[in-house]
Amino acid sequence: MDNNRFEGQEEEQHQASSEVRETSHDVEDRVQAGHSTATAGSKFGKEIFEWVKAIAIAVILVLIIRWLLFMPFIVDGPSMQPNFQTGERVIVNKILYKIREPKRGEVIVFHVPEEGRNFIKRVIGVEGDKIRYEGDELYVNDKKVDETYIKEAIDQAHAEGHDYNNGQYSNGGFPNESFTESVVPEGHIFVLGDNRPESKDSRMIGFVSLDEVIGRSDVIFWPLDKAKIVKHH
């Protein structure tokens with residue numbers, strides 16, 4: 001009988017010891033699980049933070065590029081046909097003219113305060129240049145300018161028996177009744193649209209102040225099938 005009690009006690013002690021060990025293992029497993037969860041949560045939080053930081057940096061870079069270096073511009077109207085079409089998207093280089101002034105033949109975007117909007121035109125004359133525009137004959141400093149960028153349009157108009165510069169905006173060429181001064185003043189430029197019959201430009205708005213020049217049109221990026229580098233003549 002005593003031996004049986006002793007064996008029973010040993011068995012109970014063994015079972016109790018096993019239960020203690022199992023309970024200890026359970027606690028360790030829960031601790032490890034909690035640690036793993038916390039670690040996973042920490043990694044997830046860090047990953048979210050990195051994403052937020054990357055997006056914030058990207059937004060800042062876009063704003064810097066947009067406002068300081070480049071800007072998109074949508075061509076609105078026929079004034080620069082055939083070289084630019086309505087709806088085309090253009091990248092305007094805003095930094096170039098902080099380094100130097102516009103040159104003849106460059107296509108620029110500038111602000112017209114009286115209109116409350118931006119225009120896209122071609123630079124024909126810079127300060128000190130003497131401009132004369134009669135019919136389809138353009139003279140800068142008394143030298144005839146060969147306008148290769150609209151030669152086909154001029155030839156077609158002549159084949160049809162009329163001047164290319166013959167429309168609602170021709171305004172009698174330049175100088176005219178509205179603007180009698182032919183020499184581009186200091187700090188200004190003279191601009192014309194490529195589509196002379198339908199372009200509101202220096203013949204109507206006068207010389208453009210360099211302070212209103214936004215930048216040079218360098219790339220047509222939309223639509224994709226029309227994407228190209230802009231040629232400046």
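Q: Describe the pairing of strand E6 (residues 137-140), listing the residues and the values that go with them.
A: A regular strand places its side chains so that they alternate between the two faces of the sheet. Only one face of E6 is buried: it carries Leu 138 and Val 140, and the other face, with Glu 137 and Tyr 139, is open. For strand E5 (residues 131-134) and E6, the ladder comprises 4 bridges, and the chain directions are antiparallel. Within E6, the residue paired with Glu 134 across the bridge is Glu 137. If you look at the hairpin formed by E5 and E6, you'll find 2 residues sitting between the two strands, and Gly 135 has a positive phi there, around 60°.

Q: How would you sum up helix H3 (residues 151-159)? Please name residues and give values.
A: For H3, the full list of buried residues reads Ala 153, Ile 154 and Ala 157. Down the axis of H3, the buried set is contained in an arc of 100°. They therefore lie on one face. Exposed positions of H3 whose direction lies more than 90 degrees from the buried face are Glu 152 and Ala 159.

Q: I'd like a description of the pairing of strand E3 (residues 107-112), backed by residues and values.
A: Taken across its 6 residues, E3 has 5 buried, putting it largely inside the fold. Pairing analysis gives 6 bridges linking E3 to strand E4 (residues 117-126), with the strands arranged antiparallel. In the strand pairing of E4, Ile 108 is matched with Lys 121. Pairing analysis gives 3 bridges linking E3 to strand E10 (residues 213-222), with the strands arranged antiparallel. Note that in E10 the partner of Ile 108 across the bridge is Arg 216.

Q: So what's going on with the environment of Phe 221? Residues and values would help.
A: Structurally, Phe 221 is set in strand E10. Overall, the relative accessible area of 30% leaves Phe 221 in the partly exposed class. Sequence-wise, Phe 221 and Arg 89 are 132 residues apart; in three dimensions their C-alpha atoms are separated by 5.8 Å. When neighbours within four sequence positions are excluded, Phe 221 is seen to be in contact with Pro 72, Arg 89, Val 90, Ile 91 and Ala 227.

Q: Go over the packing of aromatic side chains with me, naming the residues and quoting the values.
A: Under the defined criterion, the tally for this structure stands at 4 aromatic pairs. Arranged with centres 5.8 Å apart and planes meeting at 80°, the rings of Phe 174 and Phe 207 form a pair that is edge-to-face. In this pair, Phe 174 is assigned in the loop between H3 and strand E8 (188-192) and Phe 207 in the loop between helix H4 (202-205) and strand E9 (208-209), connecting sequence segments 33 residues apart. The aromatic ring of Tyr 149 is capped on one face by Arg 122, whose charged end is 4.0 Å from the ring centroid.

Q: Explain the sheet that holds strand E7 (residues 143-144) to me, and be specific about the residues and the numbers.
A: The 3 strands are arranged E5-E6-E7 in an open sheet whose pairing can be described as antiparallel. At either margin of the open sheet sits one strand with a lone partner, and together these are E5 and E7.

Q: Go over a nonpolar patch on the surface, please, and point to the residues and values.
A: Together, Phe 44, Ile 48 and Val 52 make up a nonpolar patch on the protein surface, roughly 300 Å² of accessible area in all. One can find Val 52 in helix H1 (residues 2-69). Val 52 sits in the exposed class, given a relative accessible area of 51%.

Q: Residue-level account of the nonpolar core, with values.
A: Core analysis: the biggest nonpolar cluster contains 16 residues, and Ile 124, Ile 131, Leu 138, Tyr 164, Phe 174, Phe 190 and Leu 192 have the highest contact counts within it. Among the elements of the structure, E5, E6, H3 and E8 are those that each provide at least two residues to this core. Per-element accounting of this core gives the leading share, 3 residues, to H3. If sequence neighbours within four positions are ignored, Phe 190 has contacts with Arg 122, Val 123, Ile 124, Gly 125, Ile 131, Phe 174, Val 184, Ser 202 and Phe 207. Phe 84, Val 90, Val 92 and Ile 220 belong to the second-largest nonpolar core, a separate cluster that totals 13 residues.

Q: Describe the confidence of the model for the chain, naming the residues involved and giving the relevant values.
A: The predicted coordinates should not be examined in detail at positions where pLDDT is low. Averaged over all residues, the pLDDT of the chain equals 83, while 76% of them reach at least 70. Note on residues 1-10: pLDDT is under 50 here. Beyond four places in sequence and across chains, it has 0 contacts. Here residues 12-25 is a poorly scored stretch, pLDDT under 50, and it has 0 contacts once near neighbours within four places are set aside; other chains count.

Calculation criteria
- Residues numbered from 1 in each chain as written.
- Predicted model: local features only at pLDDT ≥ 70, side-chain atom pairs only at ≥ 80, totals over all residues.
- Heavy atoms only, no water.
- Buried < 20%, exposed > 50% of the residue type's maximum accessible area, 1.4 Å probe, protein only.
- Helix = DSSP H or I, 4+ residues; strand = E, 2+ residues; numbered from the N terminus.
- Pairing = 2+ DSSP bridges.
- Arc of directions from axis to C-beta.
- Contact = heavy atoms within 4.5 Å.
- Phe/Tyr/Trp six-rings, centres within 6.5 Å; stacked < 30°, edge-to-face > 60°.
- Lys NZ or Arg CZ within 6 Å of the ring centre and 35° of its normal.
- Patch = residues over 30% accessible without salt bridge, like charges linked within 9 Å, V, L, I, M, F, W, Y side chains within 5 Å.
- Areas by Shrake-Rupley, 256 points an atom, 1.4 Å probe, with all protein chains shown as cover.
- Salt bridge = Lys/Arg side-chain N within 4 Å of Asp/Glu carboxyl O.
- Core = buried A, V, L, I, M, F, W, Y, C linked by side-chain atoms within 4.5 Å.
- pLDDT = per-residue confidence, 0-100.

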